[in-house]
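Chains, contacts and geometry: an overview
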Amino acid sequence: MTEDDAGVMVGIRDDGVGFSATDATAAKAGHLGFRSMCQRAQSVGGWLKTQSTIGVGSTISLWVPNRPQGPRSMEPVRPEEMTVR
């Protein structure tokens, strides 16, 4: 896990049996797995990447911004930036 001014990166790597990324991301009744994790990462402006080779292992990388989406979203709004609707 690493962090910088832009966001947080999490990487997980193993040397296990691996899997088919196509099969893992396919929609299956009752299974949300990678599809759900990817959607959750994207919903906050991040991303999820999976790499896997059967018989070799897998790497999963997740990055999320350390601020909510939007310009200066964690800073107070200045009066000159306010608009009346």
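See the structure above.
For clarity, every value in this text was computed on a predicted model and none was experimentally measured.

1. A word on the pairing of strand 3 (residues 47-53)
- In terms of strand pairing, strand 3 meets strand 4 (residues 57-65) through seven bridges, oriented antiparallel. In the strand pairing of strand 4, tryptophan 47 is matched with tryptophan 63.
- Hairpin connection between strand 3 and strand 4: a loop of three residues separates the two successive antiparallel strands, and glycine 55 in this loop has a positive phi of roughly 85°.

2. Some points on the sheet that holds strand 3
- Strand order in this open sheet of four strands is 1-2-4-3, and the pairing throughout is antiparallel. Each end of this open sheet is capped by a strand with a single partner; those strands are strand 1 (2-3) and strand 3.
- Packed onto the sheet, helix 2 (residues 33-43) meets strand 3 and strand 4 and runs at close to 145° relative to strand 3.

3. Describing the packing of aromatic side chains
- Here the structure, examined in full by the defined rule, presents one aromatic pair.
- On the numbers, 5.4 Å between centres and 25° between planes, the contact of phenylalanine 19 with phenylalanine 34 is stacked. Here phenylalanine 19, found in the loop between strand 2 (7-14) and helix 1 (21-25), pairs with phenylalanine 34, found in helix 2; they are 15 residues apart in sequence, far enough to count as distant.
- We classify phenylalanine 19 as partly exposed; its relative accessible area is 21%.
- Overall, the relative accessible area of 17% leaves phenylalanine 34 in the buried class.
- Here the basic side chain of lysine 49 rests over the ring of tryptophan 47, its NZ or CZ set 4.5 Å away from the ring centre.

4. Here we look at helix 2
- Of the positions making up helix 2, those classed as buried are Phe34, Ser36 and Ala41. Considered in projection along helix 2, the buried side chains sweep an arc of 165° and stay on one side of the axis.

5. Some remarks on the pairing of strand 4
- Here strand 2 runs beside strand 4; their pairing, made up of eight bridges, is antiparallel. Across the sheet, residue arginine 13 finds its bridge partner in strand 4, namely threonine 59.

6. As for the side chain of serine 58
- Mapped onto the elements, serine 58 comes out in strand 4.
- Judged by its relative accessible area of 9%, serine 58 falls in the buried class.
- Looking at serine 58, its side chain comes within polar contact range of the side chain of serine 52, at 2.7 Å.
- Once you skip the residues sitting within four places of it in the chain, serine 58 turns out to touch Ile12, Arg13, Asp14, Gly18, Phe19, Gln51 and Ser52.

The rules we used
- Residues numbered from 1 in each chain as written.
- Predicted model: local features only at pLDDT ≥ 70, side-chain atom pairs only at ≥ 80, totals over all residues.
- Heavy atoms only, no water.
- Pairing = 2+ DSSP bridges.
- Helix = DSSP H or I, 4+ residues; strand = E, 2+ residues; numbered from the N terminus.
- Contact = heavy atoms within 4.5 Å.
- Axes fitted to C-alpha atoms, helices over the stretch in contact; angles between N-to-C directions.
- Phe/Tyr/Trp six-rings, centres within 6.5 Å; stacked < 30°, edge-to-face > 60°.
- Buried < 20%, exposed > 50% of the residue type's maximum accessible area, 1.4 Å probe, protein only.
- Lys NZ or Arg CZ within 6 Å of the ring centre and 35° of its normal.
- Arc of directions from axis to C-beta.
- Polar contact = N/O pair within 3.5 Å; in protein donor to acceptor, adjacent residues only side chain to side chain.

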